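In case you want the letters, here they are:
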Amino acid sequence: MPKKEINYKILSSELDEVLVKLQDTATNLDNAIELYKRGQAIVKELETYLSQAENVIRKLSSDKPKTNQ
């Protein structure tokens, strides 16, 4: 099974939806707990994605040729 690709925009949108549902007073406790768990999982995935992106940027910055000024 191929590794699931993290899509920042999709995950960010899903997290927004989770937050809206959690703020809805009509959401029952059981659903709120499941939404909270999903929100935590999304945040973890987003943190991983951002950490990887930061590493790529650092590598690209360190590979950049230095210019004499």
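The following refers to the structure shown. Everything numeric in this text was worked out from a predicted model, so none of it was measured.

**Considering the environment of Arg38**
1) Next: Among the structural elements, Arg38 can be located in helix H2 (residues 29–63).
2) Next: Overall, Arg38 belongs to the partly exposed group, its relative accessible area being 26%.
3) Next: Considering only alpha carbons, one finds Arg38 and Leu15, 23 residues apart in sequence, at a separation of 8.3 Å.
4) Next: Ignoring anything within four residues of it in the chain, the contact list for Arg38 reads Leu11, Glu14, Val18 and Glu45.

**A short note on helix H1 (residues 8–23)**
1) Next: Compared with an ideal rise of 1.5 Å per residue, which puts 16 residues at 22 Å, H1 spans 22 Å between its outermost C-alpha atoms and is within 8% of the ideal.
2) Next: Among all positions of H1, only Leu11, Leu15 and Val18 are buried. Projection of H1 onto a plane perpendicular to its axis shows the buried side chains occupying an angular sector of 60 degrees, all on one side. In H1, the exposed positions angled more than 90 degrees off the buried face are occupied by Lys9, Ile10, Val20 and Gln23.
3) Next: Packing partners of the buried residues in H1 comprise H2.
4) Next: Capping the start of H1 is the job of one residue whose side-chain oxygen sits 3.1 Å from the backbone nitrogen of Lys9: Asn7.

**What about a nonpolar patch on the surface?**
1) Next: Where nonpolar side chains cluster on the molecular surface, the patch consists of Tyr8, Tyr49 and Leu50 and spans about 270 Å² of accessible area.
2) Next: Within the secondary structure, Leu50 is located in helix H2.
3) Next: Judged by relative accessible area, which is 44%, Leu50 ranks as partly exposed.

**Some remarks on the packing of H1 against H2**
1) Next: In the contact formed by H1 and H2, the axes pass within 9 Å of each other and the chain directions differ by 155 degrees. On the basis of their axis angle, the class for H1 and H2 is roughly antiparallel. The handedness of the crossing between H1 and H2 is left-handed. On H2, the residues touching Tyr8, Leu11, Ser12, Glu14, Leu15, Val18, Lys21 and Leu22 of H1 are Ala32, Leu35, Tyr36, Arg38, Gly39, Ile42, Val43, Glu45, Leu46, Tyr49 and Leu50.
2) Next: Broken down by class, the residue content of the contact of H1 with H2 amounts to 13 nonpolar, 2 polar and 4 charged.

Rules used in this analysis
- Residues numbered from 1 in each chain as written.
- Predicted model: local features only at pLDDT ≥ 70, side-chain atom pairs only at ≥ 80, totals over all residues.
- Heavy atoms only, no water.
- Helix = DSSP H or I, 4+ residues; strand = E, 2+ residues; numbered from the N terminus.
- Buried < 20%, exposed > 50% of the residue type's maximum accessible area, 1.4 Å probe, protein only.
- Contact = heavy atoms within 4.5 Å.
- Expected span 1.5 Å × (residues − 1).
- Arc of directions from axis to C-beta.
- Polar contact = N/O pair within 3.5 Å; in protein donor to acceptor, adjacent residues only side chain to side chain.
- Patch = residues over 30% accessible without salt bridge, like charges linked within 9 Å, V, L, I, M, F, W, Y side chains within 5 Å.
- Areas by Shrake-Rupley, 256 points an atom, 1.4 Å probe, with all protein chains shown as cover.
- Salt bridge = Lys/Arg side-chain N within 4 Å of Asp/Glu carboxyl O.
- Axes fitted to C-alpha atoms, helices over the stretch in contact; angles between N-to-C directions.
- Parallel < 35°, antiparallel > 145°, perpendicular 65-115°, else oblique.
- Left-handed = near helix turned anticlockwise from the far one by under 90°.
- Nonpolar A, V, L, I, M, F, W, Y, C, P; charged D, E, K, R; others polar.

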